[in-house]
Amino acid sequence: MTYDAVITNSHVVTDQGLVDKNIIIDDGKIVGLTTDEPSCDEKINGHGLVSIPGVIDTHVHYGVYSPIDKAAVTESRVAALGGVTTMMRMLRLGDSYKRSLASQLEASAGTHFVDYTIHASIFNKQQIEEMKFCVENGVTSFKLYMNLGADVGHVYMDMVPNTTSLHEVKVEVNLEIVENVVRTAASLGCPVLVHAEDYEACSCGIKTAKEKKKDGLAAWSESRPQEAEVKAIQTVSNFARKYGCTLYFAHIGSRSALKQIQKEKNVGTKIFVETCPHYLTLSYENQKGYLAKVMPPIRTAEDISFVWDTIDTNQVDTIGTDHVANQLKLKLKGSDVWDALAGFPGIGTLLPILLSEGINKKRITLQKLVQLTSTNAAKIFGMYPKKGTIENGSDADITMVDLKKKMRVRSELFGGFSDYIVYEGWTLTGWPVKTILRGEIVAEDLQVVGKAGFGKLIKRPVTAFN
Ligand SMILES: [Zn+2]
């Protein structure tokens, strides 16, 4: 019998460790790790590269500043170039899931270069009642924005497909909503992703900073203090313990937040933790201007090294980018940090940043990299072992990386919707050179060679955490 393809001469990172074996691919799946070379239609010579499970970006915002029918094409292209084979969309709807989920799914089918899946953001009572409907449609994780309410409750929802107007809505994610989302998610067996910043504390901090005419990223950080994260973490963890809900703290990047999470874990709260590349690299001390404005804010060099330390002690489970596909004209719409838009693109540089700052600076091992960027996400979100691992029977989602390749980051490298990148001019060592999705090469040497539409929606079963 002849198989579809074989990857030879690469160092393969498996759940059991690094092995020098050929990866046999058939029908989009991995069917063997061998030392011999059976007959195959296609041979991909690894030339000593490292093969890792395709990266899963757990946290991606696209479809907000351009409609999903367009954003899926541009942003999944960036994903493919960056070695990401599955992107998890943070869907935000201003209205009802029963009314609008189908049109969002329809508009994103046939437009992705890589596989994708969806987290549903829940803002109000009606959407809480629709959580079961989401689960029935393969959307098995929910996002809570504890940062949104009072006078900081304005948020851009995802655009209506095939339209181009921004869709701003005022929401109030109060305690009642938080408790009911947690309770309902627990009854459905789904995790709740939490944006843990207390909106009252943030609202107050911003008001004070503006009164004092403060500006810049340091002021932004000060206005949303780490205590606001701690407060939200305490609140939602109490509910989670009460109802037996599993929490997933998104974009954690401060020392106090990480410490509080550890405390909540110690008293039995089921918690997973995500950090982002920017909390491992950027501080308000090393960043000028407003480009790196994000919620929660980037903090200090000390916080950065604390996040690396917590990775080292296995307190961080995943790396998501919190990628926001926006553009400079909106990002810098005002004249100060308060008017600047929060969020920036990052899906293309996730892997290069971790290879350069993590692997090549000996802060993490290849095994740890794979857990953080793929395996753990697949396990937490119901995709394992289909995704997240290189083993018999898994999807042949493989990213081949060159640990020695050195290149300067430029926004144009990725050709996404955004016209800037916070890492502009950084020289990174370690880049993906081949992205393989279900056995097909979708990107090679920073060129997309796949087809939009090859990427498929992954409907996820409910994960059993217990
Ligand atoms: Zn986000």
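Please read all numbers here as calculations on a predicted model, not as lab measurements. Position labels on residues start from 1 in each chain and follow its written sequence. In view of the model being predicted, local features appear only for residues whose pLDDT reaches at least 70, and side-chain atom pairs are presented and counted only at 80 or more, with totals across whole chains, interfaces and linings using the full set of residues. The side-chain values count all of the structure's non-hydrogen atoms but skip hydrogen atoms and water molecules.

A. Examining the overall build of the protein chain more closely. Secondary structure is summarised from DSSP: a helix means a run of H or I of at least four residues, a strand means a run of E of at least two, and numbering begins at the N terminus for each. The number of helices and strands found in the protein chain is 13 helices and 22 strands. Seen through its C-alpha atoms, the protein chain measures out along the principal axes to roughly 70 × 45 × 45 Å. The 466 residues of the protein chain split such that 63% are buried. Contact definition: two residues touch when any of their heavy atoms are within 4.5 Å. By sequence separation, contacts in the protein chain at least 24 residues apart represent 75% of the contacts at least 6 residues apart. Note on areas: Shrake-Rupley, 1.4 Å probe, and residue coverage restricted to the protein chains presented here. Summed over all atoms, the accessible surface of the protein chain reaches about 17,000 Å², with 49% contributed by carbon and sulfur. In summary, the charge assignment counts Lys and Arg as positive and Asp and Glu as negative, without counting His or the chain termini. Positions of charges follow a simple convention, taking NZ of Lys, CZ of Arg, CG of Asp or CD of Glu. The centroid of the 52 positive side-chain charges in the protein chain is displaced by 3 Å from the centroid of its 54 negative side-chain charges. The buried label goes to any residue with under 20% of its type's maximum accessible area, the exposed label to any with over 50%, and the partly exposed label to all in between, with areas taken from a 1.4 Å probe on protein chains only.

B. Focus on the coordination of the zinc ion. In this description, a donor is an N, O or S atom within 2.8 Å of the metal centre, a cutoff extended to 3.2 Å for sodium, potassium and calcium. Water is not part of the atom list, which can make sites seem incomplete. Taken together, His 59 (NE2), His 61 (NE2) and Asp 322 (OD) make up the protein donors of the zinc ion, found 2.0 to 2.2 Å from the metal. Each donor residue of the zinc ion lies on the same chain, and together they follow the pattern H-x1-H-x260-D. Here His 61 is found in strand 8 (residues 55–61), whereas its partner Asp 322 is found in the loop between strand 17 (318–319) and strand 18 (323–324), with 261 residues between them in sequence. Across the pair, exposure class does not vary: His 61 and Asp 322 are buried alike.

C. Spatial organisation of helix 2 (residues 97–108). Between its first and last C-alpha atoms helix 2 spans 15 Å; for 12 residues at 1.5 Å apiece the expected length is 16 Å, and the two agree. Three or more residues of helix 2 are buried, namely Tyr 97, Ser 100, Leu 101, Gln 104, Leu 105, Ala 107 and Ser 108. The arc that holds the buried residues of helix 2, viewed along the axis, is 160 degrees, so those residues lie on one side. Among the exposed residues of helix 2, those pointing more than 90 degrees away from its buried face are Lys 98, Arg 99 and Glu 106. Of the surrounding secondary structure, the elements contacted by the buried residues of helix 2 are helix 1 (68–81), strand 9 (84–91), strand 10 (115–121), helix 3 (125–129) and helix 4 (131–136). Expected helix span is taken as 1.5 Å per residue step, with the number of steps being one fewer than the number of residues. Arc definition: directions from the helix axis to the C-beta atoms.

D. Focus on the pattern of salt bridges. Salt bridges are identified by distance alone: a Lys or Arg side-chain nitrogen within 4 Å of an Asp or Glu carboxyl oxygen. One pass over the structure, following the stated rule, counts 24 salt bridges. When the shortest N-O distance is used, the salt bridge between Arg 89 and Asp 158 registers 2.7 Å. Taken together, the residues Arg 89 in strand 9 and Asp 158 in the loop between strand 12 (154–157) and strand 13 (167–170) connect sequence positions 69 residues apart. A relative accessible area of 3% places Asp 158 in the buried class. A salt bridge links Lys 361 to Glu 357, with the shortest nitrogen-to-oxygen separation between them at 3.0 Å. The class of Glu 357 is buried, set by a relative accessible area of 11%. Beyond isolated ion pairs, a larger network of salt bridges with shared partners links Lys 29, Asp 115, Lys 386, Lys 387, Asp 395, Asp 397 and Arg 438.

E. Spatial organisation of a negative patch on the surface. A cluster of like negative charges, contributed by Asp 4, Asp 27, Asp 41, Glu 42 and Glu 440, occupies part of the molecular surface. As for its placement among the helices and strands, Asp 41 is situated in strand 6 (residues 40–45). The patches described consist of residues with a relative accessible area above 30% and no salt bridge, like charges being joined within 9 Å and nonpolar side chains (Val, Leu, Ile, Met, Phe, Trp, Tyr) within 5 Å.

F. Focus on the sheet that holds strand 8. Strand pairing is assigned whenever DSSP identifies at least 2 bridges connecting the two strands. Taken together, the nine strands give an open sheet; going across it, the order is 17-16-15-14-11-10-9-8-18, and neighbouring strands pair in parallel fashion. Bordering the open sheet on either side are strand 17 and strand 18, each of which pairs with just one other strand. Looking at chain direction, strand 8 and strand 18 are connected through two bridges and run parallel. When the bridges of strand 18 are listed, Val 60 appears paired with His 323. Fitting a line to C-alpha atoms yields each axis, with helices limited to the stretch in contact; the angle taken between N-to-C directions then spans 0 to 180 degrees. The strands that helix 1 touches are strand 9 and strand 18; relative to strand 9, the one it contacts most, it runs at about 140 degrees.

G. Broad picture of empty space enclosed by the protein. A 1.4 Å probe that fits into a set of points on a 1 Å grid over the protein atoms alone but cannot get out defines a cavity; an open set with protein on both sides within 12 Å along at least five of seven lines defines a pocket, and lining residues are those with an atom within 4 Å of a point. Grid points are joined across faces, edges and corners, and a volume is the space filled by probe spheres set on the points. This structure, assessed with the given rule, holds three cavities of 30 Å³ or more. Taken as a whole, the largest cavity holds about 110 Å³ of empty space. Forming the boundary of the largest cavity are 16 residues, of which Val 78, Pro 345, Phe 414, Ser 418 and Ile 421 lie nearest the centre. Residues are grouped as follows: Ala, Val, Leu, Ile, Met, Phe, Trp, Tyr, Cys and Pro are nonpolar; Asp, Glu, Lys and Arg are charged; all remaining types, including Gly, are polar. Split into classes, the residues belonging to the lining of the largest cavity amount to seven nonpolar, eight polar and one charged.

H. Local environment of the domain arrangement of the protein chain. Domain boundaries shown here were taken from an automatic or database domain assignment. Looking at the assigned domains, one finds that the protein chain contains domain 1 (3–45) and domain 2 (54–385 + 405–427). Computed over C-alpha atoms, the centres of domain 1 and domain 2 are 34 Å apart. On the domain 2 side, the residues contacting the five residues of domain 1 number five residues. Interface area, domain 1 with domain 2, both sides summed: about 370 Å², of which 51% is carbon and sulfur. Among the residues of domain 1 in contact with domain 2, Val 13, Asp 15 and Leu 18 are the three that bury the most area, contributing 87% of the side total. Seen at the junction of domain 1 and domain 2, the total is zero salt bridges. Polar contact is the term for a pair of N or O atoms within 3.5 Å; when the atoms are in protein, one must be able to donate a hydrogen and the other to accept it, and sequence-neighboring residues count only if both atoms are side-chain atoms. At the junction of domain 1 and domain 2, the tally comes to two residue pairs in polar contact (both at pLDDT 80 or more). Looking at the side of domain 1 that touches domain 2 residue by residue, the classes come out as two nonpolar, two polar and one charged. Accessible area that two parts lose when put together, with a 1.4 Å probe and added across both, is what the buried area reports.

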